[in-house]
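Residues per chain, in single letters:
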Amino acid sequence: MAKTLFDKHVDFGVRQANPFNGGPPPRLLGQSHITPTDLFFVRSHGDVPEVDADSYRLEVNGRVSRHLSLSLDEIKNNFERVAVNATLQCAGNRREELMAVQPIPHELPWGVDAISHAAWAGVRLRDVLAVAGVESEAALNLHVEFGGLDEVERLNNRFRYGGSIPLAKGLSPEVILAYEMNGEPLAPAHGFPLRTIVPGFIGARSVKWLERITVQDEPSHNYFQRKAYRLFASNARADTVNWDNGMMLGEMNVTSVICSHTEDERVGAGMIAVQGYALAGGGREIARVDVSSDGGQTWMHAELFNDTNPWAWTLWKANFELEPGRYQLVVRAMDTSANTQPQDISQVWNFKGYMNNAWHRVNVEAR
Ligand SMILES: Nc1nc2c(c(=O)[nH]1)N[C@H]1C(S)=C(S)[C@@H](COP(=O)(O)O)O[C@H]1N2
Ligand SMILES: [Mo]
C-alpha cells in the first residue's frame, strides 16, 4: 500500500509537517486493539534526529553508584527482554474541543487522535538502574530524568527534549526502555533506537531517542516538565502565568471517546453501532462505559473489550435503534477508583489545553 511521510498510512492525518505530527482517522483508530505502526499517532516537539545505531550509547548517571554507558547491543544482550502492551496518550488529546470554548494559540488542535496502543518490547528500567546501583530503598522522593537527542526551540532557547518521573514509578516493572514496537525495531518517528515507555502516565514522559537517564533529587528542570505539561487553573493565562503554580502532570485521568461517528454526520435510520475507546490513568482500569443518544438524559452500558491489562485502553461498543431525527451521542466512563468524567467542558478549560476528559459528545442526524 502507498505510504506517506515517515512511512505512515495514506489516511494518516498529518497535523504539522515540521516538526512531524499527526494521528489516525478516528474511525480506524477505534477498530483494532493494537494500533498498526503506520497509524500510530506522532507527537514530536522537534525534528526527528538521525541516530546511528552502531555508535549509539545510553548514559546512566546522577545519584547512582556506578555510571553506565551502554551500547544498543549491550542493552539488548545484557538484560532480560520484556514485552509490555501499553496505550500512549498525549495530554493534549481533545484540545480541539477546548479551543472551541476559548482560543488556545500556538498549540496543536488535536481531535480524539492523540492516542494509540502498541505492543512494546525492551528492557525494564529497574533492571538497568539495578546495575547502576539504584535499589528500591533509594526511591523515596527521588526522580528519574530522561533526556532525548532531539532539539527544540522555546522562549528563545535551543535545548534537548526531556522530562522525568518519580523514581518509585521508574522502578515499577511496567516501565521499560523499548527498542521494539509491534514486533519491529522502533521507527525513526517513534524514537529509534530507544525510548522510554511509561504506561499510565501522559505520553510526554515516554521520551523518544533516549540518550540519558539521570537519577536526581528533583523533577527535571526541562521546559517540558517545568512549564509545558503542567495543569493550570482556568483563570491562568500565558502572558501572566506563574509557571510554578501549575500541577506537574504524571498519571492520566479517566477518559472515553466516540470514534465511530463525527460531528454532524448523517447516518441511516435504524440500528447504529457506536464505538470508541476508554482509558484510565495510573494502574486503574475501566469499570464501566455509559453511552447516551439523547445528550445524557438516559444511558446504556456499553459492551467492553479489554485484555485485563491496566496499561491498555478498553474499546467499547453500544447499539442504538434510531428513528429519523437529530441525536446527541455522549460517552462517559468510570474507572476502578470510581473516578468519573466531568459533564461540562468549560470546567476543564486551561490555557495549555491539557487533560480534556469532559463527556465526549457527537451530534448526528438519522434519516
Ligand atoms: N525526545 C522526545 N520524546 C518525546 C517527545 C518529543 O518531542 N521528543 N514527545 C512526547 C510526547 S508529548 C508524546 S505525547 C509522546 C508521543 O509518542 P509517539 O510520537 O510515539 O506517539 O512522545 C513523547 N516523547
Ligand atoms: Mo504529548
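Above this text sits the structure in question.
Residues numbered from 1 in each chain as written. Chains lettered and ligands numbered in written order. Predicted model: local features only at pLDDT ≥ 70, side-chain atom pairs only at ≥ 80, totals over all residues. Heavy atoms only, no water.

What to know about the side chain of Asn356
Counting through the fold element by element, Asn356 comes out in the loop between β22 (325-335) and β23 (360-366). Accessibility expressed as a relative area gives 4% for Asn356, which makes it buried. Apart from the residues within four sequence positions on either side, Asn356 is in contact with Asn93, Arg94, Glu97, Leu98, Thr255, Ile345 and Val348. (Helix = DSSP H or I, 4+ residues; strand = E, 2+ residues; numbered from the N terminus. Buried < 20%, exposed > 50% of the residue type's maximum accessible area, 1.4 Å probe, protein only. Contact = heavy atoms within 4.5 Å.)

Considerations on the nonpolar core
Within the largest apolar cluster, 66 residues are counted, with the highest numbers of intra-cluster contacts made by Trp120, Ile213 and Tyr229. Ranked by the residues each element gives to this core, the list is headed by strand β9 (residues 176-181), at five residues. One finds Val267, Ala278, Ala302 and Ala318 within the second-largest nonpolar core, a separate group that totals 22 residues. (Core = buried A, V, L, I, M, F, W, Y, C linked by side-chain atoms within 4.5 Å.)

Considering the sheet that holds strand β20 (residues 303-305)
As a general point, the strands of a sheet are linked pairwise by backbone hydrogen bonds and lie either parallel or antiparallel. The strand order across the open sheet formed by four strands is β15-β17-β21-β20, and the pairing between neighbours is antiparallel. Strands with a single pairing partner mark the edges of an open sheet, and in this sheet they are β15 (255-258) and β20. For this sheet the average axis-to-axis angle between neighbouring strands, irrespective of direction, equals 25 degrees. Examined bridge by bridge, β20 and strand β21 (residues 314-322) share three bridges and lie antiparallel to one another. Paired with Phe305 across the bridge in β21 is Leu315. (Pairing = 2+ DSSP bridges. Axes fitted to C-alpha atoms, helices over the stretch in contact; angles between N-to-C directions.)

Examining unusual backbone geometry
Following Asn18, the chain continues to Pro19 via a peptide bond in cis, the omega torsion being -10 degrees. If you trace the backbone, Pro19 turns up in the loop between β1 (13-16) and β2 (21-23). Of note, the amide linkage connecting Phe192 to Pro193 takes the cis form, showing an omega dihedral of 10 degrees. One can find Pro193 in the loop between β10 (184-185) and β11 (195-197). Of note in this structure, Asn182 is not a glycine but carries a positive phi near 50 degrees. One can find Asn182 in the loop between β9 and β10.

Some details on the site of ligand 1
Inspection of the region around ligand 1 gives 19 residues, with Phe41, Asp150, His190, Arg195 and Lys208 positioned closest. Contact between ligand 1 and Arg43: an oxygen atom at 2.9 Å from a main-chain N or O atom of the residue. A distance of 2.7 Å separates an oxygen atom of ligand 1 from a polar side-chain atom of Arg195. Coverage of ligand 1 by the protein amounts to 100% of the 540 Å² it exposes when considered alone. Comparing atom positions with the cavity grids shows ligand 1 to sit within the largest cavity. For the shell around ligand 1, the class distribution of residues is 10 nonpolar, five polar and four charged. (Near = heavy atom within 4 Å. Polar contact = N/O pair within 3.5 Å; in protein donor to acceptor, adjacent residues only side chain to side chain. Areas by Shrake-Rupley, 256 points an atom, 1.4 Å probe, with all protein chains shown as cover. 1 Å grid on protein atoms, 1.4 Å probe; cavity = no way out; pocket = protein on both sides within 12 Å on 5 of 7 lines; lining within 4 Å. Sits in = over half its atoms within 2 Å of the grid points. Nonpolar A, V, L, I, M, F, W, Y, C, P; charged D, E, K, R; others polar.)

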